[in-house]
Amino acid sequence: QKEVEQDPGPLSVPEGAIVSLNCTYSNSAFQYFMWYRQYSRKGPELLMYTYSSGNKEDGRFTAQVDKSSKYISLFIRDSQPSDSATYLCAMSKTGTASKLTFGTGTRLQVTL
Amino acid sequence: EPEVTQTPSHQVTQMGQEVILRCVPISNHLYFYWYRQILGQKVEFLVSFYNNEISEKSEIFDDQFSVERPDGSNFTLKIRSTKLEDSAMYFCASSVRGVEETQYFGPGTRLLVL
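Residues numbered from 1 in each chain as written. Chains lettered and ligands numbered in written order. Predicted model: local features only at pLDDT ≥ 70, side-chain atom pairs only at ≥ 80, totals over all residues. Heavy atoms only, no water.

**Re the overall build of chain A**
Looking only at helices and strands, one finds zero helices and eleven strands in chain A. Along the chain direction, N to C, the helices and strands of chain A fall in the order β-β-β-β-β-β-β-β-β-β-β. The globule rule puts the C-alpha radius of gyration for 112 residues at 13 Å, and the 13 Å found for chain A is close to it. Projecting the C-alpha coordinates of chain A onto the three principal axes gives extents of approximately 40 × 25 × 25 Å. Classification of the 112 residues of chain A by burial places 49% in the buried group. (Helix = DSSP H or I, 4+ residues; strand = E, 2+ residues; numbered from the N terminus. Rg over C-alpha atoms; globule rule 2.2 N^0.38 Å. Buried < 20%, exposed > 50% of the residue type's maximum accessible area, 1.4 Å probe, protein only.)

**A look at the interface of chain A and chain B**
Across the boundary between the two partners, chain A contributes 21 residues, which contact 19 residues of chain B. Interface area, chain A with chain B, both sides summed: about 1600 Å², of which 54% is carbon and sulfur. The largest contributions to the chain A side of the interface with chain B come from A97, K99 and F102 of chain A, which together make up 32% of the buried area. For the pair chain A and chain B, the interface holds zero salt bridges. Our count for the chain A to chain B interface comes out at eight residue pairs in polar contact (both at pLDDT 80 or more). The set of elements that each furnish at least two residues to the side of chain A that touches chain B consists of β4 (32-38) and β5 (45-51) of chain A. Taken together, the residues of the side of chain A that touches chain B break down into ten nonpolar, eight polar and three charged. (Contact = heavy atoms within 4.5 Å. Buried area = accessible area lost by both parts, 1.4 Å probe. Salt bridge = Lys/Arg side-chain N within 4 Å of Asp/Glu carboxyl O. Polar contact = N/O pair within 3.5 Å; in protein donor to acceptor, adjacent residues only side chain to side chain. Nonpolar A, V, L, I, M, F, W, Y, C, P; charged D, E, K, R; others polar.)

**Thoughts on the confidence of the model for chain B**
Predicted confidence across chain B gives a mean pLDDT of 94, with 100% of residues reaching 70 or more. Averaged over each element, pLDDT in chain B is lowest for strand β6 (residues 53-57) of chain B (95) and highest for strand β11 (residues 109-113) of chain B (98). (pLDDT = per-residue confidence, 0-100.)

**Concerning the pairing of strand β3 (residues 19-24) of chain B**
Residues and elements named next belong to chain B. Residues V19, L21 and C23 line the buried face of β3, whereas the alternating positions I20, R22 and V24 sit on a face that is not buried. With three bridges connecting them, strand β1 (residues 5-7) and β3 associate as antiparallel partners. Of the residues in β3, the one forming a bridge with T5 is V24. The sheet contact formed by β3 and strand β8 (residues 75-79) spans five bridges and is antiparallel. Its bridge partner lying in β8, L21 is registered against L77. (Pairing = 2+ DSSP bridges.)

So this is what it looks like as structure tokens:
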């Protein structure tokens, strides 16, 4: 079983839609859960992170972590064409500045 | 806004050759990392570096790989004898010290081994 699993997509949605991106993981030692966004020909950029279980909201983005199910989600409200990118979940045992274990990424396309 | 830079953006080399990938981290950052992404696969951790020594490395980071901070600004990844399977995008990242600090990634160097 892979440590982190993520549906690669691609996922295509119309502008304004709510997007749900998900990852599952197998290692219960993970404590920090991150979402990175990667535009074409760029490096990953941290969107937000959550420590342990719970929700975190930042503007149009909401991250959820359910440690009991080993399942994390990123919701994007009112999606915009500029949200078109690959979204990578990443996890760490000891902090966001430690070794990160990534999912494969989900490619999102928001159409006009 | 400060950013991590990497050179070259693309490198083509012959199998068995040595390559050095270069990174300039953000100037006040103290932690440095290399990750790689084989085409179509996930980003994988290679190594982290702090205070002029390796703080953690993955199973991928074998004796063929080495890292160095030769001066106050550069951070390099050397692959001594490249193999075909080393073909990948290599990302450098840096962060300040702290449990919940952000790793800032560079744009990557695409390495192709022929």
